[in-house]
Amino acid sequence: MKPLEKFLKKQGSHLAARAVPGSGGQLSRRQSVSKILLPGFLKEPPEDLTEGGTETTGDGHWLELRPPDSSLRSPTSFSSEELSPGGGGGGETQLSPESVPTCCWVPLAEPESPDRLVGRVLERLGGDPTAPHGHGCGADILLDDIVLTHSLFLPTEQFLHQLYQHFMTASAIPSPPCWKEDEAVHRKRAVLIILLHFLETFKGILQEEEKAGKVIKDLYLLIMKDASLYHKLEDEILKLHQLVDTVELKVTEETQPPSKQVKPLFRHFRRIDSCLQTRVAFRGSDEIFCRVYMPDHSYVTIRSRLSASVQDILTSVTEKLQYSDEQPTREEALILVAVTSSGEKSVLQPNEECVFTTLGINSHLFACTKDTFPSLVPLPEEIQVSPGDTEIHRMEAEDVANHLTAFHWELFWCVHELEFVDYVFHGERGRRETANLELLLQRCSEVQHWVATEVLLCDSLGKRAHLLKKFIKIAAVCKQHQDMLTFYAVVIGLNNAPVSRLRLTWEKLPGKFKNLFRKFENLTDPCRNHKSYREVLSRMKPPIIPFVPLILKDLTFLHEASKTLVDGLINVEKLHSVAEKVRTIRKCRSRPLCLEMESSPQQLQTKAYVRQFQILINLNHSHSAENHCFIVLGCINRGDSIKIT
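Only a predicted model underlies this, so the values are computations on that prediction, with no experimental measurement involved.

## Notes on the overall build of the protein chain
Logical step 1: A count of helices and strands for the protein chain gives 24 helices and seven strands.
Logical step 2: Counting the 645 residues in the protein chain, one finds 55% classified as buried.
Logical step 3: Sequence separation of at least 24 residues holds for 75% of the intrachain contacts in the protein chain that already meet a minimum separation of 6.
Logical step 4: When the accessible surface of the protein chain is split by element, carbon and sulfur atoms take 51% of a total near 28,700 Å².

## What to know about the side chain of Glu410
Logical step 1: Within the fold, Glu410 resides in helix H12 (residues 397–414).
Logical step 2: Apart from residues no more than four positions distant in its own chain, Glu410 is found in contact with Gln277, Thr278, Arg279 and Arg611.

## Thoughts on the nonpolar core
Logical step 1: Phe420, Trp450, Phe471 and Ile474 are the most contacted members of the largest nonpolar core, which has 124 residues in total.
Logical step 2: The dominant element in this core, judged by the number of residues it contributes, is helix H7 (residues 183–202), at eleven residues.
Logical step 3: Once residues lying within four places of it in the same chain are set aside, the contact partners of Phe420 are Phe412, Val415, Leu437, Val548, Ile551, Leu552, Leu555 and Ile585.
Logical step 4: Ile288, Met294, Val310 and Leu321 belong to the second-largest nonpolar core, a separate cluster that totals 26 residues.

## Here we look at the sheet that holds strand E2 (residues 299–305)
Strand-to-strand pairing in sheets goes through backbone hydrogen bonds, with the strands running parallel or antiparallel.
Logical step 1: In space, the five strands of this open sheet follow the order E2-E1-E5-E3-E4, with mixed pairing throughout. Strand pairing shows two members of the sheet lacking a second neighbour, E2 and strand E4 (345–348), which therefore form its edges. Averaged over all pairs of adjacent strands, the angle between strand axes in this sheet comes to 40°, irrespective of strand direction.
Logical step 2: Bridge analysis of strand E3 (residues 335–340) against strand E5 (residues 363–368) gives six bridges, and the strand direction is antiparallel. Bridging across to E5, Val339 finds its partner in His364.

## What about the pairing of E5?
Within a regular beta strand, the side chains point alternately toward one face of the sheet and then the other, so they alternate between its two faces.
Logical step 1: Summarising burial for E5: five of the six residues are buried, a large majority.
Logical step 2: Sheet topology places strand E1 (residues 287–293) next to E5; two bridges connect them, and they run parallel. By the bridge assignment, Val292 is partnered in E5 with Leu365.

## Remarks on the packing of helix H8 (residues 210–226) against helix H9 (residues 234–246)
Logical step 1: Interhelical geometry of H8 versus H9 gives an angle of 145° and a closest axis separation of 11 Å. For the pair H8 and H9, the sense of crossing is left-handed. Residues Tyr220, Ile223 and Met224 of H8 pack against Ile237, Leu240, His241 and Val244 of H9.
Logical step 2: Residues that form the contact of H8 with H9 fall into these classes: six nonpolar, one polar and no charged.

## Topic: the packing of aromatic side chains
Logical step 1: Applying the stated rule across the entire model yields 15 aromatic pairs.
Logical step 2: Taken together, the ring pairs in this structure connect Phe487, Tyr488, Phe520, Tyr533 and Phe547 into an aromatic cluster.
Logical step 3: It is Arg589 that lies over the ring of Phe412; its NZ or CZ is 5.1 Å from the centre.

## Details of the pairing of E3
Logical step 1: Taking burial as the measure, the six residues of E3 include six buried ones, the bulk of the element.
Logical step 2: Covered by surrounding structure in E3 are Ile335, Val337 and Val339 together with Leu336, Ala338 and Thr340, the residues of both alternating faces.
Logical step 3: As paired strands, E3 and E4 are joined by four bridges and run antiparallel to one another. Across the sheet, Val337 pairs through a bridge with Val347, a residue of E4.
Logical step 4: The antiparallel pairing of E3 with E4 creates a hairpin that spans four residues between the two strands, and Gly343 there sits at a positive phi of about 100°.

## Some details on the environment of Cys458
Logical step 1: Among the secondary structure elements, Cys458 is positioned in the loop between helix H14 (435–456) and helix H15 (461–480).
Logical step 2: Remark: the alpha-carbon pair of Cys458 and His393, spanning 65 residues in sequence, is separated by 9.8 Å.

## So, helix H20 (residues 527–538)
Logical step 1: With twelve residues, H20 should cover 16 Å at 1.5 Å per step; its first-to-last C-alpha distance of 17 Å lies within 8% of that length.
Logical step 2: Those residues of H20 lying buried are Asn529, His530, Lys531, Tyr533, Arg534, Val536 and Leu537.

## Some thoughts on the packing of helix H13 (residues 417–425) against helix H22 (residues 572–588)
Logical step 1: At a minimum axis distance of 9 Å, the contact between H13 and H22 shows a crossing angle of 135°. On the basis of the axis angle, H13 is oblique to H22. With respect to the hand of their crossing, H13 and H22 are arranged in right-handed fashion. Each of Glu417, Phe420, Val421 and Phe425 in H13 lies in contact with H22, whose residues at this interface are Lys574, Val578, Val582, Ile585 and Arg586.
Logical step 2: In terms of residue class, the contact of H13 with H22 is made up of six nonpolar, no polar and three charged.

## Quick word on the pattern of salt bridges
Logical step 1: Within this structure, the stated rule accounts for 19 salt bridges.
Logical step 2: A salt bridge links Asp144 to Arg583; the nearest nitrogen and oxygen atoms lie 2.6 Å apart. With a gap of 439 residues between them, Asp144 in helix H5 (residues 138–149) and Arg583 in helix H22 connect regions that are remote in the sequence.
Logical step 3: Residue class for Asp144 comes out buried when judged on its relative accessible area of 1%.
Logical step 4: Here Arg305 makes a salt bridge to Asp312, at a shortest N to O gap of 3.4 Å.
Logical step 5: With a relative accessible area of 34%, Asp312 lands in the partly exposed category.

## Digging into the confidence of the model for the protein chain
Logical step 1: Looking at the protein chain, the pLDDT average stands at 74 and 66% of residues meet or exceed 70.
Logical step 2: Across the protein chain, element-level confidence peaks in helix H16 (residues 484–494) with a mean pLDDT of 97 and bottoms out in helix H3 (residues 80–83) with 35.
Logical step 3: In the predicted structure, residues 252–257 sits below a pLDDT of 50 and forms five contacts with residues beyond four places in sequence or in another chain.
Logical step 4: Low pLDDT, under 50, characterises residues 621–639; the stretch is placed with 43 contacts to residues that sit more than four places away or in other chains.

## Describing unusual backbone geometry
Logical step 1: Between Pro542 and Pro543 the backbone carries a cis peptide bond, its omega angle lying at 5°.
Logical step 2: With a phi angle near 55°, Arg528 is a residue other than glycine that sits in the positive phi range.
Logical step 3: Looking at the element boundaries, Arg528 is found in helix H20.
Logical step 4: Phi is positive for His530, which is not a glycine, with a value near 60°.
Logical step 5: Here His530 shows up in helix H20.

## Concerning the environment of Ala281
Logical step 1: Counting through the fold element by element, Ala281 comes out in the loop between helix H10 (272–275) and E1.
Logical step 2: With relative accessibility at 23%, the residue Ala281 sits in the partly exposed group.
Logical step 3: Measuring from C-alpha to C-alpha, the distance between Ala281 and Asn436 comes to 6.5 Å, with 155 residues separating the pair along the chain.

Criteria and thresholds
- Residues numbered from 1 in each chain as written.
- Predicted model: local features only at pLDDT ≥ 70, side-chain atom pairs only at ≥ 80, totals over all residues.
- Heavy atoms only, no water.
- Helix = DSSP H or I, 4+ residues; strand = E, 2+ residues; numbered from the N terminus.
- Buried < 20%, exposed > 50% of the residue type's maximum accessible area, 1.4 Å probe, protein only.
- Contact = heavy atoms within 4.5 Å.
- Areas by Shrake-Rupley, 256 points an atom, 1.4 Å probe, with all protein chains shown as cover.
- Core = buried A, V, L, I, M, F, W, Y, C linked by side-chain atoms within 4.5 Å.
- Pairing = 2+ DSSP bridges.
- Axes fitted to C-alpha atoms, helices over the stretch in contact; angles between N-to-C directions.
- Left-handed = near helix turned anticlockwise from the far one by under 90°.
- Nonpolar A, V, L, I, M, F, W, Y, C, P; charged D, E, K, R; others polar.
- Phe/Tyr/Trp six-rings, centres within 6.5 Å; stacked < 30°, edge-to-face > 60°.
- Lys NZ or Arg CZ within 6 Å of the ring centre and 35° of its normal.
- Expected span 1.5 Å × (residues − 1).
- Parallel < 35°, antiparallel > 145°, perpendicular 65-115°, else oblique.
- Salt bridge = Lys/Arg side-chain N within 4 Å of Asp/Glu carboxyl O.
- pLDDT = per-residue confidence, 0-100.

Rendered as structure tokens:
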């Protein structure tokens, strides 16, 4: 069991992990999700539910579907008796964006269907700005809720098409008889407000929405046509023009844009010049180079889109092999297999997409036939490490922590806030939009394995104790920087079973560091719904790098706890709770991270080191071809009572 899985399993066992009937059964989960969020959250639904969708057990384990005048309970607001059999409560002070006054949030008067919800929001925004709960009060938050979560009940293309239809209605002459004077102008302004907020929220993600881009283009042309008729809309139209120029819309009728510069994926490239580049957000249309290996460990290098399907990759590989004199003509179809460094093999289905970001650590793609599948083995030169001093022994703990925080801030900054919604709520359909989140989650696991690898490959008792001190210092500095993702990963790595069994090493650790590590363990304790961590996080001010897997767990709880649609009506309270959780991410990134670091050659070496770790995955039984690595790991796991020279 992986360290992060073991960590989340402690608190996962306390939750009633069941899905509500009518939600489509068990969620389709990517392989990478199971490595971060345990299947314990995704079990069978409860049987004793009333027809209205409210749980009758009364044990408080599930968010109930309540009328709009009753607030939907957040997963962080449950008491300890509700969340764990023997603990006390663990609430969380929500981090809300400074620009959005959440205290003014006012739900709709009554539930609405997906087809009518946009119209109700337009009514709220298009009313008198000075009226109670008009634009600038609850309507702003309701608008943000709908834009962030509309994909749960309405595809983006349909959402934009409804805006288009409402603008067309407002442009009709004569206006509907029930409308008051200037009602058409108010409705058009409301459509513009929603469209502007939509463009500001989605930004680069719209590059992947071809159909949505066409609707936005049509709506934009319609608005510009009316620009000369309605002078009251000048400010909104100017801002819309600027946003449309900024956002690169991809429309099917237009000529394809010139090919973009290839963005290297850090797991596939180990060059210094690549790893030192500032991380930028990946999109499904970005192209990358990748190696696909054959059973004899020869390989072909292909250029592929990040969102390419398995079938597309196999087609490119087949074309490459046809021009190779060394490869015989292949009549049998190829299959694509992900092989880990420990020898585990997973056959990828032809319709799977964006497989590059879902590969595990130290995993590679192999193309083979069904007959040669059993002969696949990991690359022998995959890990070139041996027991002894590594680079980290010559680096200062503060420098390593600074570069870890800086790199993880780059990764966290690249993750769009809507990727969290797509990752949890849309499964396979949202994979293309979650590439950056996938990389951040895998980096979290990579740091955990890096900590354990460095400790276990150190063959000197004194140096191992010194290394433990260094990692505890790194965790302390990361906590000081409010990098809770790295802090959690380092603490979980030190709690890894092979590392925790180093009895002599831990005994040699000074008492001061033992006490400090106990405090860190208490802070990462999952009891009472991570009460200690949530309290510390609520006192922090941006910039913050939160422990992302816990955010995904909370979103999963919200998703599994209540239906999105009840008798065809939208559960607006659930949408608001999901949007509030997403806004915590916006809050964490509301201010830039500023770390003062020198640009000396030594600092560049440290920067390169933390961005391209060499790690072991199977820490109990080394998969390295080096025999002495296996001996060292075997001796360490017996209590480090033997010293290898």
